[in-house]
Amino acid sequence: MPLQTYVRRITVLCAVFCFLGSGVYAQQAAAPAELTNEQVVKKLKDANERYWDGKMTHLHQDADRRKELIDDQHPFVAVLSCADSRVPPEVIFDQGLGDIFVVRVAGNVASKEAIASLRYIVEHGTKHVLVLGHESCGAVKTVLESLPPTKGKGVAAPAYMQSLVNLLLTPVRKAREESRFEDTLDNAVRENVVSVARGLAVSLEALRTKVTIIGGRYDLHSGKVQFWTGAWQPPPAAIH
Ligand SMILES: [Zn+2]
């Protein structure tokens, strides 16, 4: 084969492969670089600030992003949050399609279904989990009010809430007994986040899978999320 023909064929082949390659990669969202725990918290803090400061980007909410995600997803964090309509994680963290993996259930409890859902995404590459409680949580409040007060009887939680009560009772009781803050409900919200985070550390085999677990409390008044990590002690004071 003459040299010129050979070179021409190689050039055509390269062009075809480059074209196909670029087409394939253009259709798939690349796996993001692995972030540290601190980087994830910073990313969430910055995103939350965009929200409460009225500077949301609304990124990743268009048709191009939808197409990128047809075959795969690489959310940088999983969020276990309450079902409360005032606390949608995608909104308060200014995130779009494929950015965060959200599991929502009243009281952000670690039900077996919630754990299984989180376990799924952890096994598929997401190494950070945020447990997000919020101010004035109705589920926590219901359980708190069901406890017998100093005098008289508590208001029994509805029967349909029993499975939630079972999961919320221990941290809510602890919060009331310790009365760390004047606001017992807020203390119970925080204690519940801590309790769930501790439980997830075991359920998700955090050490083996190298998962980090972050706690958070969303403030309905300001729109701000306070984060905490580490030894899973309640933070020293409420933010307002
Ligand atoms: Zn709630």
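What you see is a predicted model; the values in this text were computed from it and never measured.

Further remarks concern the overall build of the protein chain. Each helix and strand in the protein chain was counted, giving nine helices and five strands. Starting at the N terminus and walking to the C terminus, you meet the elements of the protein chain as α-α-α-β-α-β-α-β-α-α-α-α-β-β. The buried share of the protein chain, taken over its 240 residues, is 30%. Nonlocal contacts in the protein chain, meaning residues at least 24 apart in sequence, comprise 72% of its contacts between residues at least 6 apart.

A separate point is the pairing of strand E1 (residues 77–81). Of all the five residues making up E1, five are buried; the element is thus mostly covered by neighbouring parts of the structure. By the alternation rule, side chains of E1 split into Val-77, Val-79 and Ser-81 and Ala-78 and Leu-80, which are all buried. Both E1 and strand E2 (residues 100–104) contribute to a ladder of five bridges, which runs parallel. Paired with Val-79 across the strands is Val-102, a residue of E2. In the sheet, E1 pairs with strand E3 (residues 128–134) via four bridges, with the strands oriented parallel.

Here Ala-139 shows up in helix H6 (residues 138–146). Overall, the presence of 25 C-beta atoms within 10 Å leaves Ala-139 in the buried class.

Across the interface, H6 lies against helix H8 (residues 184–203) with an axial gap of 10 Å and an inter-helix angle of 115°. Classified by the angle between their axes, H6 and H8 sit roughly perpendicular to one another. In the packing of H6 onto H8, the handedness of the crossing is right-handed. Within the contact between the two elements, H6 uses Val-140, Lys-141 and Leu-144 and H8 uses Thr-184, Leu-185, Ala-188, Val-189 and Asn-192. Residue composition of the contact of H6 with H8, by class: five nonpolar, two polar and one charged.

The next point concerns the nonpolar core. Residues Leu-118, Val-129, Val-131, Val-140 and Leu-200 are the most contacted members of the largest nonpolar core, which totals 48 residues. Here this core gets seven residues from one element, more than from any other, and that element is H8. The residues touching Val-129, leaving out its near neighbours within four places in the chain, are Ala-78, Leu-80, Leu-118, Leu-200, Leu-204, Val-211, Ile-213 and Ile-214.

Let's shift gears to the environment of Asp-72. Structurally, the position occupied by Asp-72 is in the loop between helix H3 (63–68) and E1. Spatially, the C-alpha atoms of Asp-72 and Ala-31 are 9.1 Å apart, while their sequence positions differ by 41 residues.

The contact between helix H7 (residues 162–178) and H8 brings their axes to 8 Å, and the two run at 130°. In terms of axis orientation, H7 runs oblique to H8. With respect to the hand of their crossing, H7 and H8 are arranged in right-handed fashion. Across the interface between the two elements, Leu-168, Thr-170, Pro-171, Val-172, Lys-174, Ala-175 and Arg-176 from H7 touch Thr-184, Asn-187, Ala-188, Glu-191, Asn-192 and Ser-195 from H8. Within the contact of H7 with H8, the residues separate by chemical class into five nonpolar, five polar and three charged.

Before going further, it helps to spend a moment on the pairing of strand E5 (residues 225–228). Bridge count between strand E4 (residues 212–218) and E5: four bridges; the pairing is antiparallel. Bridging across to E5, Gly-215 finds its partner in Trp-228. A loop of six residues connects E4 with E5, the two strands running antiparallel in sequence, and Gly-223 in this loop sits at a positive phi of about 85°.

Overall, the prediction assigns the protein chain a mean pLDDT of 85, with 79% of residues at 70 or greater. Across residues 11–26, where pLDDT falls below 50, the model places zero contacts with residues more than four positions away in sequence or in other chains. Low pLDDT (under 50) marks residues 233–240, which in the prediction has 12 contacts with non-local residues, meaning those over four places away or in another chain.

With 17 residues, H7 should cover 24 Å at 1.5 Å per step; its first-to-last C-alpha distance of 24 Å lies within 8% of that length. At Leu-168, H7 shows its maximal bend, which comes to roughly 45°, and the proline Pro-171 appears one to four places after that position. For H7, the full list of buried residues reads Leu-164, Leu-167, Leu-168, Pro-171, Val-172 and Ala-175. Elements in contact with the buried residues of H7: H6 and H8.

Conventions adopted
- Residues numbered from 1 in each chain as written.
- Predicted model: local features only at pLDDT ≥ 70, side-chain atom pairs only at ≥ 80, totals over all residues.
- Helix = DSSP H or I, 4+ residues; strand = E, 2+ residues; numbered from the N terminus.
- Buried ≥ 20, exposed ≤ 12 C-beta atoms within 10 Å, placed from the backbone.
- Contact = placed C-beta atoms within 7 Å.
- Pairing = 2+ DSSP bridges.
- Axes fitted to C-alpha atoms, helices over the stretch in contact; angles between N-to-C directions.
- Parallel < 35°, antiparallel > 145°, perpendicular 65-115°, else oblique.
- Left-handed = near helix turned anticlockwise from the far one by under 90°.
- Nonpolar A, V, L, I, M, F, W, Y, C, P; charged D, E, K, R; others polar.
- Core = buried A, V, L, I, M, F, W, Y, C linked by C-beta atoms within 7 Å.
- pLDDT = per-residue confidence, 0-100.
- Expected span 1.5 Å × (residues − 1).
- Bend = angle between axes of the 7 residues up to and from the residue.

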